[in-house]
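Below, each chain spelled out in residue letters.
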Amino acid sequence: MRRSRRAAGFVRPDGFGDVELYLLTQGYAVLSVDMPVVAEGGEGTLDGHVPQVVANAAAALDAAAATGLVDRERAAVLGWSFGAAMAANLLAHSDLFDAGVAISGAYNRTLTPFGFQTERRSFWEAPDEYMAISPFVYADRIDEPLLLLHGGADSNSGTLPMQSERMFDALKGHGATARYVLLPHEGHEYRSRESLEHVLWEITTWLTRHVRD
């Protein structure tokens, strides 16, 4: 998410980039974390990404709980774009969170076979890593509720709407609790007031149902 513009000491919400600020107004403690990942396969690879992200998330939750402001047993994870896949992977590969929200993500990396993010190898050069970083492959392991949001006109080659459609089908096929929301005419980021307000409603309703209550 983008940082908010700041003026005279006050925070001015900036649409899509300020979901976290809205959640704060609804009584949620929001932890925004930079997760360092060291490529075990060398520069241009994402080897070892998922285990390191899980370790980072566990450390962040422990630190947050130590402040006394965060209930370690009622936590959710939210991510956008590449972060959406990270959120889904955290649900698939750990029991750290009670629910997740994934926005405009790419969940099956075999659909981007010629590289993505900092991964410069093709699928045929590193098939194991493409599979390891694809939460679609591990949909059967996700037993926490997951909300999927996607723009219907997303033209980003790595995050076409079919990514969320197929992830949702995989989750429902394995009996998981999931919801898929497609926002008409929206791209990789959402622009219209109606879409932004609906996204906020979807997220807060999901968290209230599966985390707070």
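Keep in mind that what you see is a predicted model, and the values were worked out from it rather than measured.

With that settled, the discussion passes to the overall build of the protein chain. Counting secondary structure elements, the protein chain contains six helices and six strands. The C-alpha atoms of the protein chain give 17 Å as radius of gyration, which agrees with the globular expectation for 213 residues (17 Å, within 12%). With the C-alpha coordinates aligned to their principal axes, the bounding extent of the protein chain is approximately 50 × 40 × 40 Å. Scored against the burial criterion, the 213 residues of the protein chain give a buried share of 45%.

Let us now look at the pattern of salt bridges. Pairing between side chains of opposite charge can happen when their charged atoms approach one another. The final tally for this structure, using the stated rule, is five salt bridges. Residue aspartate 47 is joined to arginine 121 by a salt bridge in which the shortest nitrogen-to-oxygen separation is 2.6 Å. Of this pair, aspartate 47 sits in the loop between helix H1 (19–25) and helix H2 (49–66) while arginine 121 sits in the loop between strand S4 (99–103) and helix H4 (127–132), and the two are 74 residues apart along the sequence. The exposure class assigned to aspartate 47 is buried, which follows from its relative accessible area of 18%. The class for arginine 121 is partly exposed, based on a relative accessible area of 22%.

A separate point is the packing of aromatic side chains. Enumeration according to the criterion identifies five aromatic pairs in this entry. Ring geometry for phenylalanine 168 versus tyrosine 180: centroids 6.0 Å apart, planes at 35°, classification tilted. Of the two residues, phenylalanine 168 sits in helix H5 (residues 162–173) while tyrosine 180 sits in strand S6 (residues 178–183), which places them 12 residues apart along the sequence. Residue classification places tyrosine 180 among the partly exposed residues on the basis of a relative accessible area of 22%. Each residue in the set Phe114, Phe116, Phe123, Trp124 and Tyr130 is aromatic and connected to the rest through ring pairs, giving one cluster.

Taken in spatial order, the four strands of this open sheet run S3-S4-S5-S6, and their pairing is parallel. In this open sheet, the two edge strands, each paired with only one partner strand, are strand S3 (76–80) and S6. The average undirected angle you get between the axes of adjacent strands in this sheet is 10°. With five bridges joining them, S3 and S4 adopt parallel strand pairing. In the sheet register, alanine 76 faces S4, and the bridge partner there is alanine 99.

Between the first and last C-alpha of H2 there are 26 Å, a value that for 18 residues agrees with the 26 Å anticipated at 1.5 Å per step. Along its buried surface, H2 packs onto helix H3 (82–93) and H4.

A few words on the nonpolar core. Within the largest apolar cluster, 33 residues are counted, with the highest numbers of intra-cluster contacts made by Leu90, Phe97, Tyr107, Leu146, Leu148, Met167 and Leu171. Elements with a minimum of two residues in this core: H2, H3, strand S5 (146–151) and H5. A total of eight residues in this core trace back to one element, the largest contributor, which is H3. Those residues in contact with methionine 167, other than ones at most four positions away along the chain, are Ala88, Tyr107, Pro135, Phe136, Ala139, Ile142 and Leu148. Core analysis: the second largest hydrophobic core is formed by 17 residues, Val19, Ala99, Val101 and Trp206 among them.

Along the chain, the position of alanine 126 falls in the loop between S4 and H4. Under the relative-accessibility criterion, alanine 126 is labelled buried at 6%.

About the cut-offs
- One numbering rule holds for all chains: residues counted from 1, following each sequence as written.
- Residues qualify for local features only when their pLDDT is at least 70, as the model is predicted, and side-chain atom pairs are given and counted only at 80 or more; totals for whole chains, interfaces and linings, by contrast, use all residues.
- The side-chain numbers reported here are obtained from all heavy atoms of the structure, hydrogens and water having been left aside.
- Under the DSSP-based scheme used, a helix requires at least four consecutive residues in state H or I and a strand at least two consecutive residues in state E, with every element numbered from the N terminus.
- The globule rule is 2.2 Å times the number of residues to the power 0.38, and the radius of gyration it is compared with is taken over C-alpha atoms.
- Whether a residue is buried, partly exposed or exposed follows from its accessible area with a 1.4 Å probe, protein chains only, as a fraction of its type maximum: under 20%, in between, or over 50%, in that order.
- One side-chain nitrogen of Lys or Arg within 4 Å of one carboxyl oxygen of Asp or Glu is enough to make a salt bridge.
- Pairing of aromatic rings covers Phe, Tyr and Trp, the last counted by its six-membered ring, and requires centre-to-centre distances within 6.5 Å; plane angles under 30 degrees mean stacked, over 60 mean edge-to-face, and any other angle means tilted.
- At least two DSSP bridges between two strands are needed for those strands to be called paired.
- Axis lines are fitted to C-alpha atoms, over the contacting stretch for helices. Their N-to-C directions set the angle, which ranges from 0 to 180 degrees.
- Expected helix span is given by 1.5 Å per residue-to-residue step, counting one fewer step than there are residues.
- We call two residues contacting when some pair of their heavy atoms lies within 4.5 Å.
- Here the nonpolar core consists of buried residues drawn from Ala, Val, Leu, Ile, Met, Phe, Trp, Tyr and Cys, with membership extended through side-chain atoms lying within 4.5 Å.

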